[in-house]
Amino acid sequence: MKSLLSVDHISITEIQDILDSSYSMLEILGRDIKKVPTLRGKVVSLMFFEPSTRTRISFEISAKFLSADTVVFSPSGSSIEKGENLIDTFSTIKSLGADLVVVRHSKEGVPWVIQKNTKVPVVNAGDGKNEHPTQALLDLFTMAKQKNIRNITDFKDIQVSIIGDVLHSRVARSDTKLFIKLGMKIIIVSSYTTGYPFFHDRVRFKNFVDQEVLSSDFIIALRLQKERHGNCFYPSEREYFEFWGLKEEIFEEVKDKFIMHPGPMNIGVEIDQSIAYSENSLIFKQVRNGVAVRMAVLYHILSRSRSAE
Ligand code: CP
């Protein structure tokens, strides 16, 4: 793997390799001293043009746990404010010594443009509504851990329901692509206006949560992506929660199901606190697993670039 731009580019063998490595990385996270010399001398640059807590920090500590040096770039205060374009900015970061850049941007396709024009290895940390491949991998790893799955062929019996603002969700898009690759059963639940126009032949659609949705092995709630709406896609947040939120009323039915959410959550908008913080909620486990998965991704890309030198 030279870059990770999209789930489309990850082979079945690479998914298995990343799953295996994530289990090993999780073992490192459990040690008193969470540091190995694997990527010593490598430089990872974190270039986030959109807000982030989980993804940015988990990439940073993942790189540090593998002994890589990190450079955190902030658009505010950079020469972008003096008119420098994106490609020159990334070329500058490469010239300054970055071996890999992790990019988040509000515009779809930016990671591809950077990779094509600079040839630096790129990890897509979320491009607009398009993709968030490491979130999909960490969601998969979280499911694997919960079901004790070691071999990815064993995912084909798993049913997942993804509920919420699918139209604006890069997580839903990457999750769906990855789960389809592994033959999982996928149900998408969304309002008519925040529905999903893709993968009609591989995914089942519903407009409301029903018993079949609630019987899924995993239920993934999505954030209502208010920053991407522009126009109104629902009459009010109260009405959205009423029809598409995971409400306290269904707590009894989902209390033995595994609840996931990529975060950050809008409590009381797409998920009730009783469900978000329930015993079977995996939401904060997803965050921890994300460190292991991102360590695995950095390892797979940078150890390959080392052997190619
Ligand atoms: N899930 C996710 O991408 O969270 P952040 O926006 O906090 O990185």
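Up top is the structure.
Figured I'd write up the structure that's included with this text. As the structure is a computational prediction, the values presented were derived from the model and not from experiment. (Residues numbered from 1 in each chain as written. Predicted model: local features only at pLDDT ≥ 70, side-chain atom pairs only at ≥ 80, totals over all residues. Heavy atoms only, no water.)

Describing the environment of Pro-133
Then comes step 1: Relative to the elements of secondary structure, Pro-133 occurs in helix α5 (residues 133-147).
Then comes step 2: Sequence separation between Pro-133 and Phe-198 is 65 residues, and the spatial gap between their C-alpha atoms is 17 Å.
Then comes step 3: Apart from the residues within four sequence positions on either side, Pro-133 is in contact with Leu-4, Leu-5, Ser-6, Val-7, Asn-124 and Ser-174. (Helix = DSSP H or I, 4+ residues; strand = E, 2+ residues; numbered from the N terminus. Contact = heavy atoms within 4.5 Å.)

Notes on the packing of helix α1 (residues 12-29) against α5
Then comes step 1: Across the interface, α1 lies against α5 with an axial gap of 10 Å and an inter-helix angle of 70°. One finds that α1 runs roughly perpendicular with respect to α5. In this structure, α1 crosses over α5, and the sense of that crossing is right-handed. Across the interface between the two elements, Ile-15, Ile-18, Leu-19, Ser-22, Tyr-23 and Leu-26 of α1 pack against Leu-137, Leu-140, Phe-141, Ala-144 and Lys-145 of α5.
Then comes step 2: In terms of residue class, the contact of α1 with α5 is made up of 9 nonpolar, 1 polar and 1 charged. (Axes fitted to C-alpha atoms, helices over the stretch in contact; angles between N-to-C directions. Parallel < 35°, antiparallel > 145°, perpendicular 65-115°, else oblique. Left-handed = near helix turned anticlockwise from the far one by under 90°. Nonpolar A, V, L, I, M, F, W, Y, C, P; charged D, E, K, R; others polar.)

What to know about the sheet that holds strand β9 (residues 258-260)
Then comes step 1: Reading across the sheet, the 5 strands line up as β7-β6-β5-β8-β9 and stay open at both edges, with parallel pairing between neighbours. Among the strands making up the open sheet, the edge pair consists of β7 (204-206) and β9. Averaged over all pairs of adjacent strands, the angle between their axes in this sheet comes to 20°, without regard to strand direction.
Then comes step 2: Judged from the 3 bridges that link them, strand β6 (residues 185-189) and β7 form a sheet pairing that is parallel. Counterpart to Ile-188 in the pairing with β7 is Phe-205.
Then comes step 3: Sheet contacts for helix α6 (residues 170-181): β5 (159-163), β6 and β8 (218-221); angle to β5, the most-contacted strand, approximately 165°. (Pairing = 2+ DSSP bridges.)

What to know about the pattern of salt bridges
Then comes step 1: Scanning all chains against the criterion turns up 11 salt bridges.
Then comes step 2: The salt bridge involving Glu-50 is made with Arg-170; its shortest N-O contact spans 3.0 Å. Of this pair, Glu-50 sits in the loop between β1 (43-48) and α2 (54-65) while Arg-170 is found in helix α6, placing the two residues 120 residues apart along the sequence.
Then comes step 3: Given a relative accessible area of 13%, Glu-50 falls into the buried group. (Salt bridge = Lys/Arg side-chain N within 4 Å of Asp/Glu carboxyl O. Buried < 20%, exposed > 50% of the residue type's maximum accessible area, 1.4 Å probe, protein only.)

Quick look at the nonpolar core
Then comes step 1: Core analysis: the largest hydrophobic core is formed by 64 residues, its most contacted members being Val-102, Met-143, Phe-155, Val-160, Ile-162, Phe-179 and Met-184.
Then comes step 2: With near-sequence residues (within four places) excluded, Met-184 lies in contact with Leu-140, Met-143, Phe-155, Lys-156, Ile-158, Val-160 and Phe-179.
Then comes step 3: In terms of nonpolar packing, the next biggest core, distinct from the first, is built from 15 residues, Val-189, Leu-214, Val-254 and Ile-271 among them. (Core = buried A, V, L, I, M, F, W, Y, C linked by side-chain atoms within 4.5 Å.)

Observations regarding helix α8 (residues 237-244)
Then comes step 1: What α8 keeps buried is the set Tyr-240, Phe-241 and Trp-244. Each buried residue of α8 sits inside an arc of 100° when the element is viewed along its axis, so together they form one side.
Then comes step 2: Where α8 is buried, its residues contact β5. (Arc of directions from axis to C-beta.)

Section: the site of the ligand
Then comes step 1: Taken together, Ser-52, Thr-53, Arg-54, Thr-55, Arg-104, His-132, Gln-135, Pro-262 and Gly-263 make up the full set of residues near the ligand.
Then comes step 2: Gln-135 has a polar side-chain atom sitting 3.1 Å from a nitrogen atom of the ligand.
Then comes step 3: Between the ligand and the protein, one listed contact pairs a nitrogen atom with a backbone N or O atom of Gly-263 at 3.1 Å.
Then comes step 4: Across the shell around the ligand, the residue classes break down as 1 nonpolar, 6 polar and 2 charged. (Near = heavy atom within 4 Å. Polar contact = N/O pair within 3.5 Å; in protein donor to acceptor, adjacent residues only side chain to side chain.)

Points about the pairing of strand β2 (residues 69-73)
Then comes step 1: Where β1 and β2 come together, 5 bridges link them in parallel fashion. For Val-44, the partnering residue across the bridge sits in β2 and is Thr-70.
Then comes step 2: For the segment spanning β1, α2 and β2, crossover handedness is right-handed. (Right-handed = clockwise from strand over helix to strand, strands pointing away.)

Looking at empty space enclosed by the protein
One way to see where empty space is left: roll a probe the size of a water molecule over the atoms.
Then comes step 1: Enumeration according to the criterion identifies 1 cavity of 30 Å³ or more in this entry.
Then comes step 2: Taken as a whole, the largest cavity holds about 40 Å³ of empty space.
Then comes step 3: Lining the largest cavity, in full, are Ile-15, Ile-18, Leu-19, Ser-22, Leu-137, Leu-140, Phe-141 and Val-293.
Then comes step 4: Taken together, the elements giving at least two residues each to the lining of the largest cavity come down to α1 and α5.
Then comes step 5: Sort the elements by how many residues they give to the lining of the largest cavity and α1 lands first, with 4 residues.
Then comes step 6: Split into classes, the residues belonging to the lining of the largest cavity amount to 7 nonpolar, 1 polar and no charged. (1 Å grid on protein atoms, 1.4 Å probe; cavity = no way out; pocket = protein on both sides within 12 Å on 5 of 7 lines; lining within 4 Å. Points joined across faces, edges and corners; volume = space filled by probe spheres on them.)

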